Amino acid sequence: MVFRRFGVFFSLPLMLAAQVAYAASAEPSTADAAAGMVLVPIKGGCFQMGDSVGDGEPNERPVHEVCVPDFAIGRFEVTNGQYRKFKPQHTSGGAQGGTLNDDNQPAVNVSWDDAVAYAKWLSLRIGRTYRLPTEAEWEYAARAGSSQSRFWGNNPDEACKYANVADLTAKKQWAKWTTFACDDGYAVSAPVGSFAANGYGLNDMLGNVWEWCEDVYNSEAYAKLPKDNPVYRGAGEYRVMRGGGWSNGPLGVRSSHRVGLSPDFGHHALGFRLVASGP
């Protein structure tokens, strides 16, 4: 498979090797360490954004070329322990007797407004600019060079090695759910980093919890945005969330799947991760 990066064509294995080397060779930020974050530098490039396989929804089309610049993104979703430094009283709650509230589980029941407020607080505290990823940055990072439904391929039954999803463990408690035909061992959210990383060294980009993005949600955004570093800021009452969560079956856990939700609403399988810029 051949991939294009700013007008130059690379084989996918060479491109992934270069990306992994780029991430491994970059100096870790002392600011990120002070924030308790592990951010992975992602080399920018161009990719085909959207439903490249044909198993998605109309709002994932048209498939279109998008180019993003270099950025750094959290290796993990923001955890309860990290978020409670900002809001000590926060509780992520639980589901069917399973806790969502351990320090190393992702912070959930966090609205888009809450996530943005946390990023602003952290930026002021640390002196480095943190924010939510744009939808284009998120998909580029989630795909890690893949043009298939998920970064590990098109076979949903391989999910449980790579993602915490609605699985056979969850099926025991929620018998009516549509689940993956595999067992990841978790009925609800897992500690961040419990599953294999994608080709860019990022964990839980699919599954575990949905993740808020910067963009205003628009079902026709892909036909409206420019190619370079797009972010939709037009009118709309919802914000984008991506990646699927522990309560989602195969349709919801795909790299191109996109949903909109009110920015003042939280959910038991919705959290976030951050990107960073500056020194």
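Rules used in this analysis
- Residues numbered from 1 in each chain as written.
- Predicted model: local features only at pLDDT ≥ 70, side-chain atom pairs only at ≥ 80, totals over all residues.
- Heavy atoms only, no water.
- Pairing = 2+ DSSP bridges.
- Helix = DSSP H or I, 4+ residues; strand = E, 2+ residues; numbered from the N terminus.
- Axes fitted to C-alpha atoms, helices over the stretch in contact; angles between N-to-C directions.
- pLDDT = per-residue confidence, 0-100.
- Contact = heavy atoms within 4.5 Å.
- Expected span 1.5 Å × (residues − 1).
- Buried < 20%, exposed > 50% of the residue type's maximum accessible area, 1.4 Å probe, protein only.
- Arc of directions from axis to C-beta.
- Salt bridge = Lys/Arg side-chain N within 4 Å of Asp/Glu carboxyl O.
- Phe/Tyr/Trp six-rings, centres within 6.5 Å; stacked < 30°, edge-to-face > 60°.
- Lys NZ or Arg CZ within 6 Å of the ring centre and 35° of its normal.
- Core = buried A, V, L, I, M, F, W, Y, C linked by side-chain atoms within 4.5 Å.
- Disulfide = S-S within 2.5 Å.

In spatial order, the strands read S3-S6-S14-S9; together these 4 strands make up an open sheet with antiparallel pairing. Pairing within the sheet leaves two strands with one partner each, and these edge strands are strand S3 (39-42) and strand S9 (129-131). Taken pair by pair, the neighbouring strands of this sheet meet at an average axis angle of 30 degrees, ignoring direction. Pairing of strand S6 (residues 71-74) with strand S14 (residues 275-277), which is carried by 2 bridges, proceeds in the antiparallel orientation. In the strand pairing of S14, Ala72 is matched with Ala276.

Once that is clear, we can look at the confidence of the model for the chain. A residue-level look at the chain finds 89% of positions with pLDDT of 70 or above and a mean pLDDT of 90. Throughout residues 1-16 the model reports pLDDT below 50, and contacts reaching past four residues in sequence, or to other chains, amount to 38 contacts.

We now examine helix H4 (residues 112-126). Here H4 contains 15 residues, and its C-alpha end-to-end distance of 21 Å stays within 8% of the 21 Å for a straight helix at 1.5 Å per residue. Burial in H4 covers these residues: Trp112, Ala115, Val116, Tyr118, Ala119, Leu122, Ser123 and Ile126. All buried residues of H4 fall inside an arc of 155 degrees around its axis, so they share one side. In H4, those exposed residues whose orientation departs by more than 90 degrees from the buried face are Lys120 and Leu124. Among the residues trailing H4, Gly127 stands out with phi positive, at a value near 85 degrees.

Here we come to the pattern of salt bridges. Note that side chains of opposite charge can pair when their charged atoms are close. One pass over the structure, following the stated rule, counts 15 salt bridges. A salt bridge links Arg242 to Glu139, with the nearest nitrogen and oxygen atoms 2.7 Å apart. Taken as a pair, Arg242 in strand S11 (residues 239-242) and Glu139 in helix H5 (residues 135-143) lie far apart in primary sequence, 103 residues in all. Like Glu139, Arg242 is buried. Residues participating in the shared-partner salt-bridge network are Glu135, Glu139, Arg143, Arg242 and Arg258.

Before going further, it helps to spend a moment on the packing of aromatic side chains. Tallied over the entire structure, the rule returns 17 aromatic pairs. On the basis of an interplanar angle of 45 degrees and a centroid distance of 5.4 Å, the ring pair of Phe86 and Trp121 is categorised as tilted. Here Trp121 lies in helix H4 and Phe86 lies in the loop between helix H3 (80-83) and strand S7 (94-95), a separation of 35 residues in the sequence. For the ring pair Trp174 and Trp177, a centre distance of 4.4 Å and an interplane angle of 5 degrees mean the geometry is stacked. Overall, Trp174 belongs to the buried group, its relative accessible area being 16%. Cluster of aromatic residues (ring-pair linked, three or more members): Tyr83, Phe86, Tyr118, Trp121 and Phe272. In this arrangement the basic side chain of Arg239 is found over the ring face of Trp112, its NZ or CZ atom lying 3.8 Å from the centre. The aromatic ring of Tyr222 is capped on one face by Arg258, whose charged end is 4.7 Å from the ring centroid.

With mixed pairing, 4 strands are arranged side by side in an open sheet as S12-S11-S10-S13. Strands at the two margins of the open sheet, each flanked by one partner only, are strand S12 (258-261) and strand S13 (270-271). Sheet topology places strand S10 (residues 210-216) next to S11; 3 bridges connect them, and they run antiparallel. Pairing of Trp212 across the sheet is with Met241, part of S11.

The next point concerns the environment of Lys85. As for its position among the elements, Lys85 is in the loop between H3 and S7. We classify Lys85 as exposed; its relative accessible area is 55%. C-alpha separation for the pair Lys85 and Ala35, spaced 50 residues apart in sequence, amounts to 10.0 Å.

What follows concerns the nonpolar core. Side chains of a nonpolar character, in soluble globular proteins, are inclined to be buried together. Within the largest apolar cluster, 36 residues are counted, with the highest numbers of intra-cluster contacts made by Tyr130, Trp212, Phe272 and Leu274. Elements supplying a minimum of two residues to this core: H4 and S10. Membership of the second largest hydrophobic core comes to 33 residues, among which are Val40, Phe151, Ala163 and Phe180.

Under the definition given, this model contains 2 disulfides. With a sulfur-sulfur separation of 2.0 Å, Cys46 is cross-linked through a disulfide to Cys67. On the sign convention where negative is left-handed, the bridge of Cys46 and Cys67, at about 100 degrees about the S-S bond, is right-handed. You can see Cys46 sitting in strand S4 (residues 45-49) and its partner Cys67 sitting in strand S5 (residues 64-68), a full 21 residues away along the chain.

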